[in-house]
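Chains, contacts and geometry: an overview
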Amino acid sequence: MNMILSDGATESGSRWDHIDLAWVMQSYPETREFFIQGDTIAFADLLLLAGRCGYSPNPYFDEIYYVRRYPDVRQAIADGTYVSGFDHYRSAGYRDRNPHWLFSEEYYLARNPDVGKSLANDGVFRNGYDHYLRCGDGEFRSGSWFFDPLEYIKSTTGEAAGAPFSHYLTHPSGYSNSPYFDTDWFIRTYPDVLEEVRHGDWKSILHQYLGTRNEGRYDPSRFFSERFYVESNPDLSGAIASGRFISGYEHFLLYGIHERRRPSPDIDLERFYHHPYVQKLLLNGRVPDVFVAWCRSEGEIPDVEAALEDKEKMTKLAFEKKSAALAITVARRKLDFSAALPDISVILVLHNNFDMTMNALTALRASHAGGIDLILADSGSHDETRRIGHYIDGANILRFDGNVGFVRACNVAAGHAKAPFLLFLNNDAEVQPGSIAAAIERLRRDPKVGVVGGKLIRTNGLLQEGGSIIYRDGSVDGYLRGRSPDVPEANFVRRVDFCSGACLFTRTELFRQLGGFDEAYIPAYYEETDYCVRVWKSGQEVIYDPAVTAIHYEYGTSDLASGAGYINRNRLIFNSRHPDFLSHKLVKSKLGLNAARSPAKAGVRRILFIEDRIPLKSYGSGFSRSHDIVETLASMGHDVTVFPIFKPVVSINQLYAAFPENVEIIWDRELGDLESFLHQRAGLYDVIWICRTQNVRRLVPVIERTAHFMPQAMLIADTEAVSAIREEQHDRLLGLPEDQFPSLAERLRAEFECLLIATKIVAVSPHDATVLTEHGFTGVSVLGHVQTPRRTPRPWVERSGLLFVGAMHDYNSPNYDSVAWLVTTLWPMLENVLPGDATLTIAGYLGPGVSFSALPRSPRVSYIGEVDDLTPLYNRARFFIAPTRYAAGIPYKLYEAAAYGLPIIASDILCRQTGWKVGDEILEARAGDAEDFGRVVVDAYDEENLWSALQGNALARIVTKDNVQCYAQELSSILS
């Protein structure tokens, strides 16, 4: 029998796009008699048979599910447009429909952005399902919330390891293991369904749930109520009736979780999501989403810090055990500290406690690959410490007959130091890898730095201190004691009053010049406090650097009771030594903790910078400019705190890598926390800089309730872009009658009303400043973009094609509109007239759920998406193209392209915003006019002289008007 597997396709094609005759006969035995009647069976006859009898053509397409799932498909079959669901899916449905109850096209593309790029660029796969069956299944990707390939493999004997999903479809089982569907609960709650599954055609309980339009009769678990969700979200009823969603639960999984809608009356995902512990789970990938986090914990959030505080005694015992084990290890293999030219001299004062000493030295040796001048001052030990030379090579061991105390032993040891830098290290501390290199680098780079200290973490994982504070009465505090080491406040470089002597770096010559530690504090306590104050008085700074980290077994060398006695005594000595210093310190206060954490410095402003999100450059849409403002302010020496309206949804590491080390990034709070944040930081900030007018509007009530906490603070409203202009352009683009939307004047009045609360107003361009001035605002400052010229070297003759770069946060963004118009309207015209090697490249950030998959494919169009380094793209292209049809402000991407030396063809809207000279610095075409854009591109494409002139003129503008020095001067003027 010559079976046609698919309409013109072969067995090597898409697995879902054929009819598997053997499988059909096995699955539907009644068809065997029909199939053996002739030698050849037409493909069309099989499609018709599937439609009439509900037969699936192969294991990968479920005919009954598909027809039930989509009402319009049922209607199209009834109308005779298609003969079966499979016929519809092959013809049209493959673009956006789900062929099987255990696969979601939308889910797969959202979870696998690389697949969307592949669909748009390669043309190898017809849709996401095609990619899943041919590649993704074998790569253990998931095509549905309800199928975890790795969990499924556990339930088999190993034969499923090659392609779990395909194995499941061809070897039916009752597998159902998903955090999104509680099978056991479902059976207990709906026992009748179990009988229905046993006596019906359902493959499992999950199949019955997903394959039935239950209209609120069934819930997938006790954490989701179908009826509640649909009733509380009335916008869903039409979408479910039309078949857009088979249930409210499908909407919840696709969108509701991300929007943090309530899944049931008693579950507040919004509030749960905002807890830092949940944020950590999500950012570290330990749970896929906030709903699963809730289900696994039933909404209970552990008090991690309280639990760790409670267990410190146990963690200290564990530290002791580890130290003992390491002491045995070095008995058989010596630690080598031999160094001809050491980077640093490290001083440890020892008094017994041999095991902890060996633990400290083992960590020290592992932490730094360079030369260490190790000086051990044995202050009258009588344990194995007396024989420490048997376990270490290259150390300078000083012996004292009795216990002379930490202060005197350090001073004597410092006289033997050979290196330019000193590290005073307790023998109950483990210095962590990278710490020594970080401290040395800072001391070498900045001659004003006299002391460097860092995070001290107790054995229970909580902070002992993140730098320390001195109050007016001479009392001291370890800043952030008892907090988690990853909190934002502990992870930026800043000036501090002093740092603990348990791990203290300083300059050897400075220590000697200042006379070392004051021996009035013998045996210990307050000596490092006194020394740091003297460093400040000498004109040098004490710096807290979070890259310097040590684990500290607190009170490992003395007990708390005896320590308290020395502290009380030495505090009085300290007060008598430094009344002038103390007179300028704050009185100890719980609310004053943050204001006291860093000494004030002349000319340094403390600035709170508020933006929609932590402004990564890759986000575009004004965030690039915000990033440059923050970076420039920090480079000018100001203390900058970045606070987001919305919590970040990217790795914390990505945030820290993107900003200068002296910027405080508040990644764990957002708008709802701002009022308490300002309360906790009363009096701290000199400047509050609010980006975007909509954020000023949001913050007016908060500012009115907290103004008394910051009575002298300058409030800067940075409009970033006048959004009313963009909105009006967009409405006109949609072709709406003018009487159906507000006039531009009305929009501007509404937008600017909130700005009356500001001390100063900043606009992004002279054009926007003029608009603000016309509405009664005076003294508006202009702050545009900053760029460093980095012209790409490839000459004109070696370049080809067009480049578009822009962030596409959602499908309604101006940049996505630009791309869609470019690839559907303009590029098809240009393909026919540009040289054959001319290509179009689309790059830029894609927001969650945004995909290129719906855009037309062409072998000469490349959809790249976000890339870490744009330089190769700028180096290859001949022109940058920006066909923006509605926009506000000044597009950063034009300045960036000019800095890379790539000439620009832009819409007249953008050209007006920049104010650049058309024809000399930029080429202009009418927005939305494909013929005009095509003419400009074609006329310019082969004109080398024009290209060179545009490149040179635009670069000259960047050099003279948009450089870092000018930007810093403009910021200084705004802050003055």
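As the structure is a computational prediction, the values presented were derived from the model and not from experiment. (Residues numbered from 1 in each chain as written. Predicted model: local features only at pLDDT ≥ 70, side-chain atom pairs only at ≥ 80, totals over all residues. Heavy atoms only, no water.)

Before going further, it helps to examine the sheet that holds strand β24 (residues 802–805). By way of backbone hydrogen bonds, the strands of a sheet pair with one another, either parallel or antiparallel. Strand order across the open sheet formed by six strands is β26-β25-β24-β27-β28-β29, with parallel pairing between neighbours. In the strand order of this sheet, the two ends are held by β26 (861–865) and β29 (923–925), each with one partner. Each strand axis lies, on average, 25 degrees off the axis of its neighbour in the sheet, ignoring direction. Bridge analysis of strand β28 (residues 904–907) against β29 gives three bridges, and the strand direction is parallel. Along β29, the bridge assignment pairs S907 with A925. Across the face of the sheet, helix α42 (residues 930–941) comes into contact with β24, β27 (879–882), β28 and β29 while running at roughly 155 degrees to β29. (Pairing = 2+ DSSP bridges. Helix = DSSP H or I, 4+ residues; strand = E, 2+ residues; numbered from the N terminus. Axes fitted to C-alpha atoms, helices over the stretch in contact; angles between N-to-C directions. Contact = heavy atoms within 4.5 Å.)

Scanning all chains against the criterion turns up three cavities of 30 Å³ or more. Put simply, the largest cavity is a space of about 220 Å³. W145, F146, L210, I246 and E250 are, among the 18 residues lining the largest cavity, the residues nearest its centre. Only α4 (63–69), α14 (205–210) and α17 (248–259) provide two or more residues apiece to the lining of the largest cavity. The dominant element in the lining of the largest cavity, judged by the number of residues it contributes, is α17, at three residues. Class assignment of the residues belonging to the lining of the largest cavity gives a composition of ten nonpolar, six polar and two charged. What the second largest cavity holds in volume is close to 120 Å³. Forming the boundary of the second largest cavity are F492, R494, R597, S598, R606, D639, V640, T641, N662, E664, L684 and Y685. The element that contributes the greatest number of residues to the lining of the second largest cavity is strand β18 (residues 639–644), accounting for three residues. Split by residue class, the lining of the second largest cavity holds four nonpolar, three polar and five charged. (1 Å grid on protein atoms, 1.4 Å probe; cavity = no way out; pocket = protein on both sides within 12 Å on 5 of 7 lines; lining within 4 Å. Points joined across faces, edges and corners; volume = space filled by probe spheres on them. Nonpolar A, V, L, I, M, F, W, Y, C, P; charged D, E, K, R; others polar.)

Below, the discussion takes up the sheet that holds strand β22 (residues 760–763). Read from one edge to the other, the open sheet built from seven strands follows the order β19-β18-β17-β20-β21-β22-β23, with strand pairing classed as parallel. The sheet is open, and its two edges are formed by β19 (663–665) and β23 (781–782), each paired on a single side. Two elements, β22 and β23, share two bridges in a ladder whose sense is parallel. The residue bridging A763 from the neighbouring strand is V782, located in β23. Contacts from helix α31 (residues 623–635) reach β17 (606–611), β18, β19, β20 (687–691), β21 (714–718) and β22, with the element oriented near 170 degrees to β17. Helix α37 (residues 766–774) rests against β22 and β23 of the sheet, and its axis sits at about 140 degrees to β22.

Turning next to the packing of aromatic side chains. Within the structure shown, the criterion is met by 57 aromatic pairs. Ring centres 5.3 Å apart and planes at 25 degrees place the aromatic pair F103 and Y132 in the stacked group. In this pair, F103 is assigned in the loop between α6 (85–91) and α7 (105–111) and Y132 in helix α9 (residues 128–136), connecting sequence segments 29 residues apart. Judged by its relative accessible area of 2%, F103 is buried. (Phe/Tyr/Trp six-rings, centres within 6.5 Å; stacked < 30°, edge-to-face > 60°. Buried < 20%, exposed > 50% of the residue type's maximum accessible area, 1.4 Å probe, protein only.)

Before going further, it helps to spend a moment on the confidence of the model for the protein. Mean pLDDT over the protein works out to 90, with 96% of the residues at or above the 70 mark. The model gives residues 1–12 a pLDDT under 50, and that stretch makes 25 contacts with residues more than four places away or in other chains. (pLDDT = per-residue confidence, 0-100.)

This part is about the environment of N832. Examined against the element boundaries, N832 turns out to sit in the loop between α38 (814–831) and β25 (840–843). A polar contact of 3.2 Å, which involves the side chain of N832, links it to the backbone oxygen of P828. (Polar contact = N/O pair within 3.5 Å; in protein donor to acceptor, adjacent residues only side chain to side chain.)

Turning our attention to the nonpolar core. Within the largest apolar cluster, 78 residues are counted, with the highest numbers of intra-cluster contacts made by Y129, F146 and F291. Broken down by element, the residue count for this core peaks at six residues, all from helix α20 (residues 290–297). Formed by 51 residues, the second largest nonpolar core is a distinct cluster that contains A409, I457, A524 and I551. (Core = buried A, V, L, I, M, F, W, Y, C linked by side-chain atoms within 4.5 Å.)

Interaxial distance between helix α35 (residues 723–733) and helix α36 (residues 744–752) falls to 9 Å at its minimum, and their mutual angle equals 145 degrees. Between α35 and α36 the crossing geometry is right-handed. Of the residues in α36, those in contact with S723, A724, I725, E727, E728 and D731 of α35 are L744, R747, L748 and E751. Across the contact of α35 with α36, the residue classes break down as four nonpolar, one polar and five charged. (Left-handed = near helix turned anticlockwise from the far one by under 90°.)

On to the pattern of salt bridges, then. Side-chain pairs of opposite charge can arise where the charged atoms are in close proximity. Under the defined criterion, the tally for this structure stands at 60 salt bridges. For R261, the salt bridge identified is with D235, shortest N-O distance 3.6 Å. Within this pair, whereas R261 is found in the loop between α17 and α18 (269–273), its partner D235 is found in the loop between α15 (226–232) and α16 (236–241), the two being separated by 26 residues in sequence. The salt bridge partner of D939 is R935, with a shortest N-O separation of 3.8 Å. Pair noted here: D939 and R935 are both in helix α42, with a separation of four residues, about one helical turn. With a relative accessible area of 48%, D939 lands in the partly exposed category. Classification of R935 by relative accessible area gives partly exposed; the value is 44%. One network of salt bridges, with partners in common, ties together E489, R597, E664, D668, R669 and R681. (Salt bridge = Lys/Arg side-chain N within 4 Å of Asp/Glu carboxyl O.)

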